[in-house]
Amino acid sequence: MSKFRAGETGLIINVPESEPAVGGWRDQYDSSAAIGIPAHMTVLYPFLPHDRIDDQVLGELAALFSAQPAFDVDFHDLGRFPDVLYLAPTQADRLRALTTAVADRWPEAPPFRGRFADIVPHLTVAYGQEPGLFDKIEADIASHLPVTARVGSVHLLAYDGTTWHDRAEFPLRH
């Protein structure tokens, strides 16, 4: 059973530059990879229900993101939450600012349903594994770092109950 519900949406930053380092591990240990979610950093999940996203919301998202400058992030290190291994990006303040801007505009959609007090930008590699396996994955990925990625747009994804689909892309200011 999926941890996601049909009709949910999310805003993410795709990070294809990380795929050589994390792709194989994500395929094995991040079930979201199998249902259409690319290597990414979450801006806001869950966002508004799919049926609430109309042309006005899309226009407001486009305006909000086009006011934010594009920037680069580097991944030099990995980090861990209790059950998650992730790449830790530089520019965390700028990434948090994107989340805050969306959450301030749509307070009915708090990041991660308000479960966490702090927003910690990250790119999930694996979750729900034993620390020993995390150690093995971390050692392998560390040999592929650093990774540099351009944050040039934000994507709106929607879940249909089986797969996540890319619904829209919102460029940042270049």
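Residues numbered from 1 in each chain as written. Predicted model: local features only at pLDDT ≥ 70, side-chain atom pairs only at ≥ 80, totals over all residues. Heavy atoms only, no water.

K.L.:
Please set out the side chain of His122 residue by residue, giving values where relevant.
P.N.:
Take His122: it is sitting in the loop between helix H3 (92–105) and strand S5 (123–127). Overall, the relative accessible area of 16% leaves His122 in the buried class. At 2.6 Å, the side chain of His122 and the backbone oxygen of Val120 are in polar contact. Polar side-chain contacts of His122 include one of 3.5 Å to the side chain of Thr124. Among residues more than four places away in sequence, those in contact with His122 are His40, Met41, Thr42, Phe81, Tyr86, Leu87 and Pro89. (Helix = DSSP H or I, 4+ residues; strand = E, 2+ residues; numbered from the N terminus. Buried < 20%, exposed > 50% of the residue type's maximum accessible area, 1.4 Å probe, protein only. Polar contact = N/O pair within 3.5 Å; in protein donor to acceptor, adjacent residues only side chain to side chain. Contact = heavy atoms within 4.5 Å.)

K.L.:
Help me get a handle on the sheet that holds strand S6 (residues 147–151), residues and values and all.
P.N.:
Spatially, four strands are ordered S5-S4-S3-S6 in an open sheet, and the strand pairing comes out antiparallel. The strands lining the two open edges of the sheet, one partner per strand, are S5 and S6. In this sheet, adjacent strand axes meet at a mean angle of 35° when their direction is disregarded. One ladder, built from five bridges, connects strand S3 (residues 71–81) with S6; its direction is antiparallel. (Pairing = 2+ DSSP bridges. Axes fitted to C-alpha atoms, helices over the stretch in contact; angles between N-to-C directions.)

K.L.:
Hey, could you go over the packing of aromatic side chains for me, with residue numbers and the actual values?
P.N.:
Within the structure shown, the criterion is met by ten aromatic pairs. Summarising the aromatic geometry, the rings of Trp25 and Tyr29 are spaced 6.2 Å apart at their centres and angled 20° between planes, so their arrangement reads as stacked. Of this pair, Trp25 and Tyr29 both sit in helix H1 (residues 19–29), four residues apart, which is roughly one turn of that helix. On the basis of relative accessible area, Trp25 is assigned to the buried category, the value being 13%. Every member of this aromatic cluster is reached through a ring pair, and the members are Phe4, Tyr45, Phe112, Tyr159 and Trp164. Above the plane of the ring of Tyr127 lies Lys3, whose end atom (NZ or CZ) is 4.4 Å from the centre. (Phe/Tyr/Trp six-rings, centres within 6.5 Å; stacked < 30°, edge-to-face > 60°. Lys NZ or Arg CZ within 6 Å of the ring centre and 35° of its normal.)

K.L.:
Could you give an account of the pairing of strand S4 (residues 84–89), naming the residues involved and the relevant values?
P.N.:
Across the six residues that make up S4, a large majority, five, are buried. For S3 and S4, the ladder comprises six bridges, and the chain directions are antiparallel. Residue Arg80 lies in a different strand from S4, and its bridge partner there is Leu85.

K.L.:
Which residues make up unusual backbone geometry, and what values do they have?
P.N.:
Geometrically, the link from Tyr45 to Pro46 is a cis peptide bond, its omega value of -15° lying close to zero. Among the secondary structure elements, Pro46 is positioned in the loop between strand S2 (40–44) and helix H2 (55–66). Residues Leu145 and Pro146 are joined by a peptide bond in cis, for which omega reads 5°. Checked against the element boundaries, Pro146 lands in the loop between helix H4 (131–142) and S6.

K.L.:
Tell me what's going on with the sheet that holds strand S7 (residues 153–159), and back it up with residues and numbers.
P.N.:
If you trace the four strands from one edge of the open sheet to the other, you get S2-S1-S7-S8, paired in antiparallel fashion. Looking at which strands have only one partner, the edges of the open sheet turn out to be S2 and strand S8 (164–171). Averaged over all pairs of adjacent strands, the angle between strand axes in this sheet comes to 35°, irrespective of strand direction. Two strands pair when backbone bridges link them, and strand S1 (residues 9–14) and S7 are joined in this way by four bridges, in the antiparallel orientation. Within the sheet, the bridge partner assigned to Gly10 lies in S7 and is Leu157. Across the sheet, H2 is in contact with S1, S2, S7 and S8; its angle to S8 comes to roughly 50°. Here H3 sits on the sheet in contact with S1 and S2, set at roughly 35° to S2.

K.L.:
Describe the pattern of salt bridges, and please don't skip the residues or the numbers.
P.N.:
Once the charged atoms of two side chains with opposite charge are near each other, the side chains can pair. The full count for this structure, using the stated rule, is eight salt bridges. Between Glu138 and Arg80 there is a salt bridge whose closest N-O contact spans 2.7 Å. Placement of Glu138 in helix H4 and of Arg80 in strand S3 is noted, with a sequence separation of 58 residues between them. (Salt bridge = Lys/Arg side-chain N within 4 Å of Asp/Glu carboxyl O.)

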